[in-house]
Amino acid sequence: MSARILVVDDVPANVKLLEARLSAEYFDVMTASNGTEALAICHRAECDIILLDVMMPDMDGFEVCRRIKSDPATHHIPVVMVTALDSPSDRNRGLEAGADDFLTKPVSDVVLIARVRSLTRLKMMTDELRMRAITSLEIGMQAPERSAVSDTGKGGRILLVDDRQSSYERLATILAAEHTIDVEPNPTEALFHAAEGNYDLLIVSLDLNNFDGLRLCSQARSLERTRHVPILAIADPENATRLLRGLEIGVNDYLLRPIDKTELLARARTQIRRRRYTDHLRDNVQNSIEMAITDALTGLHNRRYMESHLATLAEQAATRGKPLALMILDIDFFKSINDNYGHDAGDDVLREFAVRVRKSIRGIDLACRYGGEEFVIVMPETDLHVAGMVAERLRRSIAGEPFAIHKGAMRIEVTISIGLTTLERKGEAVADVLKRADTALYRAKHDGRNRVVSQAA
Ligand SMILES: [Mg+2]
């Protein structure tokens, strides 16, 4: 997992030091000596993570960070602020500017590599999701970046796992100013609680009595319902080494006690924003997958999906030595429905037709709108005889009950013709099967419509 790290510092010696350490771990390192240069590199999308010095002449690190984070083109790039001193006020200013993390000079090797690795993982995932979201955008969907930029990160649902009363009472009071917070003092209940609660953030104390907080973090990472929930660990300074282990197993961020109020709020907001951002992207991906394989009018699969899936079904049937039936259905005189009653009426008929198709087929059957008023149903493990009975039942369900149009104000007679065949010969091309069904359909039309014609392989 290599990543391109941009090191920004006005002191060449500092740049060289970080560059050497990162290169030794096989990261690609780019460098810049001022903010303007750094922003240009970010804009060309040349880096995955930025290590940003705070104290620089002209434009300081806070301003560079603010610009990166307020621009939709670059705001997803993780920014790690490198501060000269462990000064809480610098950290707070950095977090307010949108920084994702901090390193304090002199930077320890272990911390540096752990943080960069953890951010690399996040960046890779976010990149993948953004790429897919851009595709959705091209077909007219919401831009997730825009809403993420305006999200304040407030109003989240947080679960705090901490068994020290004085500690959790204080933390809960601070967090309650901006979020809804539940406290779970019993670590053995925490995982269950986390899985049930639909939380935006888990805050886990690593100083629990007789319980390994890291185990809880690792379980939360592997459980389906909590794997995407960010984890913020808190620990006493003497437990700092365990924090590094935590970052390796997927803890997203941490705080050392005594906990600074502003820092806690800022880090919680950052994690919650990130969580919402990735959730939003994930939903978009889900939607675009649905859109890509579904016909919007009828809710049946579309032709593209059917064609790719049919090949898989045919292969499966051939290897298992099972029959596969395929029928093409065509609504009779559909053009005259459109001509006589309007296109809305035509759409009503197509929708109702799809409803009746769904009622007549099994869960394993694949129904799709092949184009216009033409549909295809593929039936795995079904021979010509059984498929013929299904087709006949479907034909009757269409012809037997008039279709409502114009919001139910009118009912019209609709019939369909069906051409049916099977794939039984191993290795037969899917296109040939479709062609044979089409020939059968042509005969059904030719012989007077409203009928099923079967054509054996
Ligand atoms: Mg400097």
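- Per an unreviewed UniProt entry, the chain goes by the name diguanylate cyclase and belongs to Bradyrhizobium frederickii.
- Recorded in UniProt for the chain, the comment headed Catalytic activity (unreviewed entry) runs: "2 GTP = 3',3'-c-di-GMP + 2 diphosphate".

Brief notes about the overall build of the chain
Here's step 1: Looking only at helices and strands, one finds 16 helices and 17 strands in the chain.
Here's step 2: Compactness check: the chain gives a C-alpha radius of gyration of 30 Å against a globular reference of 23 Å for 457 residues, more than 25% above the reference.
Here's step 3: Taking the principal axes of its C-alpha atoms as reference, the chain extends roughly 90 × 50 × 50 Å.
Here's step 4: Counted over contacts in the chain with a minimum sequence separation of 6, partners at least 24 positions apart contribute 67%.
Here's step 5: Counting only carbon and sulfur atoms, one obtains 51% of the accessible surface of the chain, whose full area is about 21500 Å².
Here's step 6: Separation of charge centres in the chain, based on 60 positive and 68 negative side chains, amounts to 4 Å.

Description of empty space enclosed by the protein
Here's step 1: Tallied over the entire structure, the rule returns 2 cavities of 30 Å³ or more.
Here's step 2: Its boundaries defined by the atoms lining it, the largest cavity holds a volume of some 270 Å³.
Here's step 3: Taken together, 16 residues make up the lining of the largest cavity; nearest its centre are K69, H75, D100, R274 and Y277.
Here's step 4: Mapped by element, the contributors of at least two residues to the lining of the largest cavity are α5 (109-138) and α11 (261-293).
Here's step 5: The element contributing the most residues to the lining of the largest cavity is α11, with 5 residues.
Here's step 6: Shared between two domains, the lining of the largest cavity holds at least three residues of each, these being domain 1 (1-140) and domain 2 (145-285).
Here's step 7: If you add up the space inside the second largest cavity, you get close to 30 Å³.
Here's step 8: Lining the second largest cavity are L159, V161, A190, L191, A194, L202, V204, L216 and A220.
Here's step 9: Mapped onto the lining of the second largest cavity, the elements with two or more residues apiece are β6 (157-161), α8 (187-197), β8 (201-205) and α9 (213-222).
Here's step 10: The leading source of residues in the lining of the second largest cavity is α8, at 3 residues.

Some points on the UniProt feature "domain: GGDEF" (unreviewed entry) in the chain
Here's step 1: UniProt annotation of "domain: GGDEF" (unreviewed entry) refers to residues 322-457 when read in the numbering used here.
Here's step 2: What you have in residues 322-457 is 43% helix and 29% strand, and the ends, taken at the C-alpha atoms, are 14 Å apart.

Observations regarding the nonpolar core
Here's step 1: In terms of nonpolar packing, the biggest core is built from 30 residues, with M327, L329, I331, V349, F353 and I377 touching the most fellow members.
Here's step 2: Of all the secondary structure elements, the ones that give two or more residues to this core are β11 (324-331), α13 (334-341), α14 (343-360), β13 (374-380), α15 (384-399), β14 (403-405) and β16 (416-423).
Here's step 3: Examining the composition of this core, we find that 6 residues originate from one element, α14, more than from any other.
Here's step 4: Not counting the four nearest positions on each side in its chain, V349 is found in contact with I331, F334, I337, F403, I405, I412 and V414.
Here's step 5: Counting 25 residues, the second largest nonpolar core, distinct from the first, contains C42, M81, L95 and A266.

A look at the domain arrangement of the chain
Here's step 1: Here the domain parsing of the chain yields domain 1 (1-140), domain 2 (145-285) and domain 3 (303-454).
Here's step 2: Computed over C-alpha atoms, the centres of domain 2 and domain 3 are 52 Å apart.

Remarks on the environment of A99
Here's step 1: Secondary-structure assignment places A99 in the loop between α4 (88-96) and β5 (101-104).
Here's step 2: For the pair A99 and V79, spaced 20 residues apart in the sequence, the C-alpha separation amounts to 5.2 Å.
Here's step 3: Those residues in contact with A99 that lie beyond four places of it in its chain are C65, V79, M81, G94 and T270.

Details of the coordination of the magnesium ion
Here's step 1: Protein-derived coordination of the magnesium ion comes from D10 (OD), D53 (OD) and M55 (O), at a distance range of 2.0 to 2.2 Å.
Here's step 2: Taken in chain order, the donor set of the magnesium ion reads D-x42-D-x1-M. Of this pair, D10 sits in the loop between β1 (4-8) and α1 (12-24) while D53 sits in strand β3 (residues 49-53), and the two are 43 residues apart along the sequence.
Here's step 3: Note on D10: relative accessible area 30%, which makes it partly exposed.

Each value, and the rule that gives it
Residues numbered from 1 in each chain as written. Predicted model: local features only at pLDDT ≥ 70, side-chain atom pairs only at ≥ 80, totals over all residues. Heavy atoms only, no water. UniProt positions renumbered as here; feature names shortened; annotations may be inferred. Helix = DSSP H or I, 4+ residues; strand = E, 2+ residues; numbered from the N terminus. Rg over C-alpha atoms; globule rule 2.2 N^0.38 Å. Contact = heavy atoms within 4.5 Å. Areas by Shrake-Rupley, 256 points an atom, 1.4 Å probe, with all protein chains shown as cover. Lys, Arg positive; Asp, Glu negative; His and termini not counted. Charge placed at Lys NZ, Arg CZ, Asp CG, Glu CD. 1 Å grid on protein atoms, 1.4 Å probe; cavity = no way out; pocket = protein on both sides within 12 Å on 5 of 7 lines; lining within 4 Å. Points joined across faces, edges and corners; volume = space filled by probe spheres on them. Domains from an automatic or database assignment. Core = buried A, V, L, I, M, F, W, Y, C linked by side-chain atoms within 4.5 Å. Buried < 20%, exposed > 50% of the residue type's maximum accessible area, 1.4 Å probe, protein only. Donors = N, O, S within 2.8 Å, 3.2 Å for Na, K, Ca; no water.

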